[in-house]
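Residue strings, one per chain:
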Amino acid sequence: MNMESSDHQTSGFSTPIGTRRRFFQWATGAAASIIALGLGVPLIGFLIAPAFQRRAQSWVDVGGVDDLPIGKPAQLDYKQTVKEGWRTTAVHKGVWAVKRQDGQVTVFSPICTHLGCGFNWDGADRNFKCPCHGSVFAMDGAVLGGPAPRPLDELPSKVENGRLLVMYKEFKAGLPKKVEL
Ligand code: FES
């Protein structure tokens, strides 16, 4: 009876000292895990969040409104700095601006709504033509012919202090409705 009691006491697990030691080891490990999780989750979020952010959009000055011809689309090229995730790159863009008799300006994306080719202005026929599959668009963007499923995509634009500002956006090609990428 006495021997049993002595073995029991020296096993290291069931003595008050052994039990307390294990408890403190467990508690220290749990606290360290909680701290690591508390620090690690925000850090991982901080590192990977930019990769999932949509490309930042901003107004871009594409030129003076007075310089635009009336009733004749003008292709305006500009350079823009784009921040995508952690990467910042300078990209060249071009948009089509149409200034009407009343001075109002409409800006179109340069991408054909059929499958994404670039289109041109045909001065003789006075319409936009896509060289890829023959879509034809009127000066106001309406589809006149070919496989294009929707009119040209209008971009947000505004005039400030005589300057034309445009917000460049891209839309999915091949759909009857505008869906922003
Ligand atoms: S991409 Fe323009 S007509 Fe097909």
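About the criteria used
- Residues numbered from 1 in each chain as written.
- Predicted model: local features only at pLDDT ≥ 70, side-chain atom pairs only at ≥ 80, totals over all residues.
- Heavy atoms only, no water.
- Core = buried A, V, L, I, M, F, W, Y, C linked by side-chain atoms within 4.5 Å.
- Buried < 20%, exposed > 50% of the residue type's maximum accessible area, 1.4 Å probe, protein only.
- Helix = DSSP H or I, 4+ residues; strand = E, 2+ residues; numbered from the N terminus.
- Contact = heavy atoms within 4.5 Å.
- Pairing = 2+ DSSP bridges.
- Axes fitted to C-alpha atoms, helices over the stretch in contact; angles between N-to-C directions.

Visitor: Requested: an account of the nonpolar core, with residues and values cited.
Guide: Grouped together as the largest cluster of nonpolar side chains are 16 residues, with contacts concentrated most on Leu-76, Val-95, Val-107 and Leu-164. At the level of elements, strand E1 (59-64), strand E2 (74-84), strand E3 (87-99), strand E4 (105-108) and strand E10 (163-167) are the ones that each hand at least two residues to this core. Broken down by element, the residue count for this core peaks at three residues, all from E2. Those residues in contact with Leu-76, other than ones at most four positions away along the chain, are Val-62, Leu-68, Lys-93, Gly-94, Val-95, Ala-97 and Leu-164. Within the second largest apolar cluster, 12 residues are counted, among which are Trp-96, Phe-108, Trp-121 and Phe-137.

Visitor: I'd like to hear about the pairing of E4, residue by residue, with values.
Guide: Where burial is concerned, the two faces of E4 agree: the one with Val-105 and Val-107 and the one with Thr-106 and Phe-108 are both buried. In the sheet, E3 pairs with E4 via four bridges, with the strands oriented antiparallel. What sits directly across from Val-98, in E4, is Thr-106. Counted between consecutive antiparallel strands, the loop separating E3 from E4 contains five residues, among which Gly-103 sits at a positive phi close to 90°.

Visitor: Account for the sheet that holds strand E8 (residues 143-145), naming residues and giving values.
Guide: With respect to topology, four strands assemble into an open sheet ordered E5-E6-E7-E8, the strand pairing being antiparallel. Of all strands in the sheet, those bounded by a partner on one side alone are strand E5 (120-122) and E8.

Visitor: How would you explain the sheet that holds E10 if you had to name every residue and give the values?
Guide: Ordered by their spatial adjacency, three strands build an open sheet running E1-E10-E9, and the pairing between neighbours is antiparallel. Each edge of the sheet is formed by a strand with only one pairing partner; in this case those strands are E1 and strand E9 (157-160). Averaged over all neighbouring strand pairs, the angle between strand axes comes to 30°, with direction disregarded. When E1 meets E10, the two strands line up antiparallel, connected through five bridges. Note on E10: the bridge partner recorded for Asp-61 is Leu-165.

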